[in-house]
Amino acid sequence: MLSFMSAELKISFVSSITPAVNSTRFSLSLSLYEMAELENEQATDPSLSPLLKCLEGSGVVLMDGGLTTSLPAQATSHALWGHQLLLGVDGGLQSLHDVHLSHLRSGAQVLSTMTYKLSEKFIQECVIKGYLDEDIQEIGDWVKTSPWNPSTVSAVQELYHRAISTAKKAVTTYVDEVSSSGQVVAHRPQVYASCGPVGDSRLFSGVTDPDSQLTLQEDWCRGYYAEKLVGLAGCAPDGIAVESIPTLGEAVIAAEEATKASLQIPVHITFICKDESTTMGGSAFSECVATLDKFSVVQSIGINCTSPKYMVPLIEIAARSTSKPISVYPNSGERFIAKKGERRWVDEGGMKVVCGQDAVDYYKAGARIIGGCCRVYATQIAEMKSSLQEYRSQL
């Protein structure tokens, strides 16, 4: 395990470690452990989560769009695929905050965090292969030469904290903006910590690019979820979004580890699918939904990072297999080539600009938590909000 900074130190986003981080205007007065302990005291039973209360009150909840693909163009070409912002690169935390804020201003009621690929193994791989040294030499050297000590905060835990705190900061900024205009935020936007599949927690891998995927072993998969779910929950998000899961087996492991950890926050699990009935890894989507329906820790079940052309039939399958809220957030229908030196989006005939009418169609099919994934932007979330409001006003 890598160590990053002591829990006794005051965590500050105005850091002396690197000039890039120095330029960020965020600061926190509490240590990571102090803040997590304080906020976890306010944790609620998943069945009473604010997201479900919002859904009960409004009938539909809007998620944000794709986070990494909404960042400045150069961010997605970096080896860390956007996560370098947590270390002050490519605009740093301020740029990340501003992207979150743009989605909130467009109507998003749920933000996902810049934690999708993060894990201890991911950070170790970045250090060993020199990708941290490339832009942030001092941090890379510091992590490599600092021995692990049980009293210190691990490198990845610090990054979880930065990502989740930045999203929360954006929520506060947005609520303050609305309040200063004399309006009231009926339901405070929620921050769900993103947890990608184990196969995506490596450099130059992506579940939308089957050619880049690795053969996974169960013990590795269990270790990943046991570590990451607890680590994310320790930073006090409102919930955890386990996303882009390619198989039923991996989803069950994630749900089992969430149950073992006795998380006091809700989890939603969404699958990536290759057609209108099958996940990317070949599992029957109907079986996936029916199986996860049995886990009380799983608040909602759905589909993400999947072509819009498959969404309606997949939602209809889910609606027949569970009474839990169905969450959907499609991508643009393109395929992402994740391999080193080839990173790009490819239109293989399925590209579609997701619009407001799509959101209405998803709602009619049974979805109640709706947003966008890769290459879906804040402007499209605003269209979804407008179209859903218009449609629901006629009911």
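As a reminder, the structure under discussion sits directly above these lines.
Please read all numbers here as calculations on a predicted model, not as lab measurements.

### Some remarks on the overall build of the protein
Moving on, step 1. A count of helical and extended segments in the protein gives 13 helices and 12 strands.
Moving on, step 2. The buried share of the protein, reckoned over its 395 residues, is 58%.
Moving on, step 3. Intrachain contacts of the protein at a sequence separation of at least 6 include 77% that bridge at least 24 residues.
Moving on, step 4. When the accessible surface of the protein is split by element, carbon and sulfur atoms take 51% of a total near 15,500 Å².

### Things to note about the packing of helix α12 (residues 356-365) against helix α13 (residues 378-393)
Moving on, step 1. Taken N-terminus to C-terminus, the directions of α12 and α13 make an angle of 50°; their axes are 7 Å apart at the nearest point. One element, α12, and the other, α13, form an angle in the oblique class. α13 is crossed by α12, and the crossing has right-handed handedness. Residues Gly356, Gln357, Ala359, Val360, Tyr363 and Lys364 of α12 lie in contact with α13, whose contacting residues are Glu383, Met384, Ser387, Leu388, Tyr391 and Arg392.
Moving on, step 2. Along the lines of polarity and charge, the residues of the contact of α12 with α13 split into six nonpolar, three polar and three charged.

### Overview of the sheet that holds strand β12 (residues 369-370)
Moving on, step 1. As summarised here, the arrangement of the eight strands in space is β2-β12-β9-β8-β7-β6-β5-β3, forming an open sheet in which the pairing is parallel. What marks the edges here is a single partner per strand, and that holds for β2 (61-62) and β3 (110-112).
Moving on, step 2. As defined by bridge partners, strand β8 (residues 298-304) adjoins strand β9 (residues 326-329) across four bridges and the pair is classed as parallel. Paired with asparagine 304 across the strands is tyrosine 329, a residue of β9.
Moving on, step 3. Packed onto the sheet, helix α8 (residues 218-233) meets β5 (190-195) and β6 (239-245) and runs at close to 160° relative to β5.

### Here's the deal with the environment of arginine 222
Moving on, step 1. With respect to the element layout, arginine 222 can be found in helix α8.
Moving on, step 2. Expressed as a C-alpha distance, the spacing of arginine 222 and valine 198, which sit 24 residues apart in the sequence, is 9.2 Å.
Moving on, step 3. For arginine 222, the contacting residues outside a window of four places in its chain are Ile253, Glu256, Glu257 and Lys260.

### Comments concerning helix α5 (residues 120-128)
Moving on, step 1. Among the residues of α5, Glu120, Phe122, Ile123, Glu125, Cys126 and Val127 are the ones counted as buried.
Moving on, step 2. Looking one or two residues beyond α5, the residue adopting positive phi is glycine 130, at roughly 85°.

### What to know about the nonpolar core
Moving on, step 1. Judged by nonpolar contacts, the single largest core of 94 residues is most densely connected at Tyr225, Ile240, Val242, Ile269, Phe271 and Ile370.
Moving on, step 2. It is helix α7 (residues 155-180) that provides the largest number of residues to this core, a total of 12 residues.
Moving on, step 3. The next biggest cluster of nonpolar side chains, apart from the first, holds 15 residues, and it includes Leu51, Cys54, Ala241 and Cys373.

### Description of the pairing of β5
Moving on, step 1. Of all the six residues making up β5, six are buried; the element is thus mostly covered by neighbouring parts of the structure.
Moving on, step 2. Along β5, one buried face is formed by Gln190, Tyr192 and Ser194 and the opposite face, lined by Val191, Ala193 and Cys195, is buried too.
Moving on, step 3. Sheet analysis places β3 next to β5, joined by three bridges and oriented parallel. Bridge pairing links serine 112 to tyrosine 192 in β5.
Moving on, step 4. Sheet topology places β5 next to β6; four bridges connect them, and they run parallel. Opposite cysteine 195, over in β6, you have valine 242 as the bridge partner.

### Considerations on the packing of helix α10 (residues 285-292) against helix α11 (residues 311-321)
Moving on, step 1. Where α10 contacts α11, the axes come no closer than 9 Å and their chain directions differ by 35°. Relative to α11, the crossing made by α10 is right-handed. Two secondary-structure elements touch here, α10 through Phe285, Ser286, Val289 and Ala290 and α11 through Leu314, Ile317, Ala318 and Ser321.
Moving on, step 2. Of the residues belonging to the contact of α10 with α11, the class tally is six nonpolar, two polar and no charged.

### A short note on the environment of leucine 67
Moving on, step 1. As for its position among the elements, leucine 67 is in the loop between β2 and α4 (92-105).
Moving on, step 2. Apart from the residues within four sequence positions on either side, leucine 67 is in contact with Leu96, Val99, His100, Ser112, Thr113 and Met114.

Cut-offs and rules
Residues numbered from 1 in each chain as written. Predicted model: local features only at pLDDT ≥ 70, side-chain atom pairs only at ≥ 80, totals over all residues. Heavy atoms only, no water. Helix = DSSP H or I, 4+ residues; strand = E, 2+ residues; numbered from the N terminus. Buried < 20%, exposed > 50% of the residue type's maximum accessible area, 1.4 Å probe, protein only. Contact = heavy atoms within 4.5 Å. Areas by Shrake-Rupley, 256 points an atom, 1.4 Å probe, with all protein chains shown as cover. Axes fitted to C-alpha atoms, helices over the stretch in contact; angles between N-to-C directions. Parallel < 35°, antiparallel > 145°, perpendicular 65-115°, else oblique. Left-handed = near helix turned anticlockwise from the far one by under 90°. Nonpolar A, V, L, I, M, F, W, Y, C, P; charged D, E, K, R; others polar. Pairing = 2+ DSSP bridges. Core = buried A, V, L, I, M, F, W, Y, C linked by side-chain atoms within 4.5 Å.

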